[in-house]
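Here's the letter readout for the chains.
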Number of protein chains: 2
Amino acid sequence: MATIRDVARRAGVSPATVSYVLNNPGLVRPETRERVLQAIAELGYHPHAGARQLKRRRADTVGLILPTGERRLSDPFFLELIHALGDACAAHQLDLLIATCRDPAADLRLIDRLYKGRRVDGFILIDLQRQDPRIPHLQAAGIPFVAFGRIEEDGAFPWVDVDGAAGMREAVAYLVRKGHRHIAYLSPPLALTFAHHRFQGYCAGLAEAGLPFDETRVRITRPTMEAGYEAARALLAENVPFTALIAATDLMALGAMRALHEAGRAPGQEIAVIGFDDIPMAAQAHPPLTTLRQPMDQIGEALIRTWLAAVRGEPASPILIPPILIRRESA
Amino acid sequence: MATIRDVARRAGVSPATVSYVLNNPGLVRPETRERVLQAIAELGYHPHAGARQLKRRRADTVGLILPTGERRLSDPFFLELIHALGDACAAHQLDLLIATCRDPAADLRLIDRLYKGRRVDGFILIDLQRQDPRIPHLQAAGIPFVAFGRIEEDGAFPWVDVDGAAGMREAVAYLVRKGHRHIAYLSPPLALTFAHHRFQGYCAGLAEAGLPFDETRVRITRPTMEAGYEAARALLAENVPFTALIAATDLMALGAMRALHEAGRAPGQEIAVIGFDDIPMAAQAHPPLTTLRQPMDQIGEALIRTWLAAVRGEPASPILIPPILIRRESA
DNA sequence: TCCTGGAATTGAATCGATTCAATTTGATCG
DNA sequence: CGATCAAATTGAATCGATTCAATTCCAGGA
C-alpha cells in the first residue's frame, strides 16, 4: 500500500509537501501541487486513517449507539434515520460508527471505550428517555454529543428534535377544521420524551380549539403496530365516541387503521386517522396515511452540523425542526 | 487522556510491559500484571485506536456499505440485519463502520477509500445483484469481504446466505400437505439473487409435488408492500385461480394480505399466505403471518466469522443457513 | 551583481501504541 | 556459593502521517 513517502518520492518532493497538498493546498506552488496530485492518482494513494488520527488527535468519526436487547428499536423509522445520518456524514467527510449495546447498563462503558480510545470524536444519542443517564455521564466526562430528542428539563446540551408538539397541534387543528370534535389519541409511554411532547401538542391543540380533554379517548401503550391495533379495538369495544384518531407513530396508526377496517369503520371515510413519522409504509397503506413527516435529510444534516460544533467546542444552539403535514387519504 | 506511558509510570514498569499485559498476558508475571491492571483501572486508560491501528496494521473494523439513493433499502429487514451485525461485531471485539453511498458508481471509489486508508479491514456486502460489479472489483484489488447473498455463478468468494430455495420448497410442501394445488407466487425482479433462488425453490417445490408450473400465477414486481398489494389485486381481478399465495418477502405478503381482505377472501382461511424474512411486523399482522424466518443472530455471527477468516486470509467455505418455517395463522 | 524578504520547500520531532532484540531477574542445581 | 538458563522486563525502532522551525528559492530593487 502506498504511503506518503512513496508519493513524495514519485513526485520528487518531501513528504511534508505532499501533506500540505492534501491539507493546506494554498501553501504549495501550483506546478508542484499538480505533480503531487498526479503521483497520488498514479499510486492510488489514500492517507492512512490511523496515522492521521494519531497525529491530528481526532478520528473524524461519529459514534451512534444502537440499543439492541430488550430495548431494540424495530420501528422502520430508525432505518431511515441511519440512512439520513450516513448521508449527512458523507457530506461532511465523516465516518459513522455503529455500536450496539444489549445491556442498558453497559451503555456508559461502551461510550467510554469508544471515546477514550479515540475511536470516535463524539456521539449522537437516540431513543432518549425523559431521564436519561447517558446525558449526565457524557457531560461530566466532557464527551461531545448531540441528542436526537430532548429530556425532561431542557438541559444545557446540544440537541436536535422534531417539534412533536407543533406537529400534533397542527394535526388537531386540521381535524377540527374538518369538523371533528372527538379525537382519540394513541401514544407510547410518556417516559419517552417524544411521546411526551407529542401528547402535549395534542392537549394544546384541543385547548386551542376549545375542545375538552377526555382521558377515556387516550390510550398509552407500546409503540408497535400490534399495540396500536389493540388500543383502537379497545376504544371501539368500549364504545368511546370518536370520529378521528391521532397516533403518535405511524406504526401505531397502521395498527389502528386495521382495527377500524375490521370493525367496519372505514378509516379515511368514517374515521379520520393521522400518524407521525412518515415511514415508507405510510404512503402504501390503505388508505394512504395522512401523517406528520419527520424530514429525515434535514434532521441528519442538523444532527451532524450540531455534532461538529459540539466536537469543536463551539456553542451550538438546539434545533427544533417542524414536521410537515402530509395530507393523504386517511384524513 | 492517559497514555500507555502514564500507565507504565504509575505501575512502575515500562510501556512494553503494559502492552504485553493487554495483548499477551501470558508473558507477564501475575503480580506485575495485577499492578498494571490496577493502574489501568485507576487512570481509566483505553488504548488509542489510531496508534494501535498504525502499528498493528489493522483496524478491527468491519465496513458495511448501505446504498442510499434510488437503491435505498427500506425493508425493515435491514434494520434487523444491522442490529444483528452490530451484536456479532461486539461479540468479536470489532467495530462496525457504516458508509452510505447515493450513487452506485461511487460504490467502488468508496470501497477503495475506506480500505486503502485502512479505515476498515474488509467489507460485508449486502443487496447483491446477480451480476454485481463490486465482487470482481474487490477480488481484483485483493480486498477481503463476505457477501450476504450470492451472485449468478457461485464464484469462488466467501459468502453467507439463507437458503431461500430450501425455504420455498418447504413452504410449497407445507401448503401441498394442507391440500393446496394452486399456489400463486409474488417475487421481486429476479436480478436480485435472493429473489432468483427463492423462485427456484418455489418451482422445485411444485415439481416435487407433481404440480404444474403456471406462469399466470407468478407476479414479478417491486419488493414493497404496495407492490404486493397491487400484484395480489391483479391476480384476483384476472380471476387467476389460487388457494394459496407465497410472497418472496414479508412486506409483499403483507400487501397481498390486505388485497385479499379487501376482496373478502380472508387470508388464513380462504387463502393461505406465506411470507419470507419474519420481520417484526409479521407476527403482528392479521392474521399473524406464517413465514420463513431468517435467523438473524445466526446470520450476523456467520457473517462476522467468515469476514474474520477472509481478513486473516484463511479460506472460508460459504455458509448456507436454512430458514425456519414459523407457522402462524395465515397458513 | 548582490542583497533582501516573502514564498516554497524540507528535515526532524511527534502522536501512542507494538514488538524485536537485548538485558535483567531469579530459581535451580552442582 | 556461583554458574546456568528460562522467565520477565525493558530500550529502542517502527508504523504513517502532521507541523514547527529552519532552510532554500527566486523575483525585484539597489
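Figured I'd write up the structure that's included with this text. What you see is a predicted model; the values in this text were computed from it and never measured.

Check the secondary structure of chain A and you find 13 helices and twelve strands. Here the C-alpha coordinates of chain A stretch approximately 85 × 40 × 35 Å along the principal axes. Within the span of chain A, comprising 331 residues, buried residues form 50% of the whole.

Neighbouring DNA strand C are 27 residues, the closest being A:Thr32, B:Thr3, B:Ile4, B:Ala16 and B:Ser19. Contributions of two or more residues to the surface near DNA strand C are made by helix 2 (15-23) and helix 4 (49-56) of chain A together with helix 2 (15-23) and helix 4 (49-56) of chain B. At six residues, helix 2 of chain B tops the list of elements feeding residues into the surface near DNA strand C.

Now for the sheet that holds strand 9 (residues 272-277) of chain B. Residues and elements named next belong to chain B. Read from one edge to the other, the open sheet built from six strands follows the order 7-6-8-9-10-12, with strand pairing classed as mixed. Two strands bound the open sheet, and with one partner strand each, they are strand 7 (218-220) and strand 12 (324-326). Adjacent strand axes in the sheet meet at a mean angle of 15 degrees, parallel and antiparallel pairs treated alike. Strand direction decides the pairing type here: strand 6 (residues 183-187) and strand 8 (residues 244-247), joined by four bridges, are parallel. Bridge assignment links Ile 183 to a residue of strand 8, and that residue is Ala 244. Contacting strand 6, strand 8, strand 9 and strand 10 (290-293), helix 11 (residues 250-262) runs over the sheet at an angle of about 155 degrees to strand 9.

For the rest of this paragraph, the subject is the protein's contact with DNA strand D. Within the structure, DNA strand D sits among 27 residues, and A:Thr3, A:Ile4, A:Ala16, A:Ser19 and B:Thr32 are positioned closest to it. Of all elements in the fold, only helix 2 and helix 4 of chain A together with helix 2 and helix 4 of chain B reach the threshold of two or more residues within the surface near DNA strand D. Top element by residues in the surface near DNA strand D is helix 2 of chain A. It accounts for six residues. Here the surface near DNA strand D is composed, by residue class, of 15 nonpolar, seven polar and five charged.

Between chain A and chain B, the superposition needs a rotation of 180 degrees and an axial shift of 0.0 Å, giving an RMSD of 0.1 Å. Put plainly, the chains are arranged around a two-fold axis. Of all interface residues in chain A, 100% are interface residues in chain B too; the two copies therefore contact each other through one and the same surface.

Ordered in space as 11(A)-5(A)-4(A)-3(A)-1(A)-2(A)-2(B)-1(B)-3(B)-4(B)-5(B)-11(B), the twelve strands form an open sheet in which the pairing is mixed. This sheet does not close on itself; its edge strands, each paired only once, are strand 11 (319-321) of chain A together with strand 11 (319-321) of chain B. Averaged over all neighbouring strand pairs, the angle between strand axes comes to 25 degrees, with direction disregarded. Set on the sheet, helix 5 (residues 77-91) of chain B makes contact with strand 1 (61-67) and strand 2 (95-101) of chain A together with strand 1 (61-67), strand 2 (95-101) and strand 3 (122-125) of chain B; between it and strand 2 of chain A the angle comes to about 80 degrees.

Within the secondary structure layout, B:Gly50 lies in helix 4. Filtering out sequence-adjacent residues up to four positions away, B:Gly50 remains in contact with A:Gly50, A:Gln53, A:Leu54, A:Ala59 and A:Arg118.

Attention now moves to the packing of helix 4 of chain A against helix 4 of chain B. Two elements in contact, helix 4 of chain A and helix 4 of chain B, have axes whose closest approach is 7 Å; the angle formed by their N-to-C orientations is 140 degrees. Between helix 4 of chain A and helix 4 of chain B, the crossing angle belongs to the class labelled oblique. Crossing geometry of helix 4 of chain A relative to helix 4 of chain B is assigned as left-handed. Contacts from A:Gly50, A:Ala51, A:Gln53 and A:Leu54 in helix 4 of chain A reach B:Gly50, B:Ala51, B:Gln53 and B:Leu54 in helix 4 of chain B.

Time to look at the environment of B:Phe194. All names here are of chain B. Among the secondary structure elements, Phe 194 is positioned in helix 9 (residues 193-208). For the pair formed by Phe 194 and Val 146, sequence separation is 48 residues and the distance between their alpha carbons is 16 Å. Leaving out residues up to four positions away in the same chain, Phe 194 has contacts with Gly 149 and Gly 164.

Moving on, we come to the interface of chain A and chain B. In this assembly, 43 residues from chain A lie in contact with 43 residues from chain B. For the side of chain A that touches chain B, the elements supplying multiple residues, two or more each, are helix 4, helix 5 (77-91), strand 2, helix 6 (107-116), helix 10 (225-237) and helix 12 (280-284) of chain A. In the side of chain A that touches chain B, the residues fall into 19 nonpolar, 14 polar and ten charged. By the bridge criterion, three bridges tie strand 2 of chain A to strand 2 of chain B in an arrangement that is antiparallel. Bridge assignment links A:Leu97 to a residue of strand 2 of chain B, and that residue is B:Leu97.

With that settled, consider the nonpolar core. Core analysis: the largest hydrophobic core is formed by 185 residues, its most contacted members being A:Ala256 and B:Ala256. If we skip the residues at most four places from it in the chain, B:Ala256 touches B:Leu186, B:Gly228, B:Tyr229, B:Ala231, B:Ala232, B:Leu245, B:Ala247 and B:Val273.

Residues and elements named next belong to chain A. Their axes nearest at 9 Å, the elements helix 1 (residues 4-11) and helix 3 (residues 30-43) cross at an angle of 125 degrees. As summarised for this structure, helix 1 and helix 3 are arranged oblique, according to the angle between their axes. Between helix 1 and helix 3 the crossing geometry is right-handed. Judged by residue contacts, Asp 6, Val 7, Arg 10 and Ala 11 of helix 1 engage Arg 35, Val 36, Ala 39, Ile 40, Glu 42 and Leu 43 from helix 3.

Thresholds applied
Note on numbering: residues in each chain are counted from 1, in written sequence order. Both sets of labels track the order of writing: A upward for chains, 1 upward for ligands. Restriction of local features to residues with pLDDT of at least 70 applies here, the model being predicted, together with a cutoff of 80 or more for giving and counting side-chain atom pairs; totals for whole chains, interfaces and linings are based on all residues. By the criteria applied, helices consist of DSSP H or I runs no shorter than four residues and strands consist of E runs no shorter than two, each listed in order from the N terminus. Counting other C-beta atoms within 10 Å of a residue's own tells you its class, since 20 or more makes it buried, 12 or fewer makes it exposed, and anything in between is partly exposed; those C-beta atoms are placed from the backbone. Nearness here is judged by the C-beta atom: place it from the backbone, and if it falls within 6 Å of a molecule or strand, the residue counts as near that partner. By this definition, two strands are paired if DSSP reports at least two bridges between them. Only the stretch in contact is used when a helix axis is fitted, and all axes are lines through C-alpha atoms; the angle between N-to-C directions ranges over 0 to 180 degrees. Residues are treated as contacting if the C-beta atoms built from their backbones sit within 7 Å of each other. Put simply, Ala, Val, Leu, Ile, Met, Phe, Trp, Tyr, Cys and Pro go in the nonpolar bin, Asp, Glu, Lys and Arg in the charged bin, and everything else, Gly too, in the polar bin. The copies were overlaid by least squares, fitting only the C-alpha atoms of residues that reach a pLDDT of 70 or more in each copy. Working definition: roughly parallel below 35 degrees, roughly antiparallel above 145 degrees, roughly perpendicular at 65 to 115 degrees, and oblique for all remaining angles. Put simply, a crossing is left-handed when the front helix is turned counterclockwise from the back one by less than a right angle, and right-handed when it is turned clockwise. Each nonpolar core consists of buried Ala, Val, Leu, Ile, Met, Phe, Trp, Tyr and Cys residues. Their C-beta atoms, within 7 Å, join them into a set.

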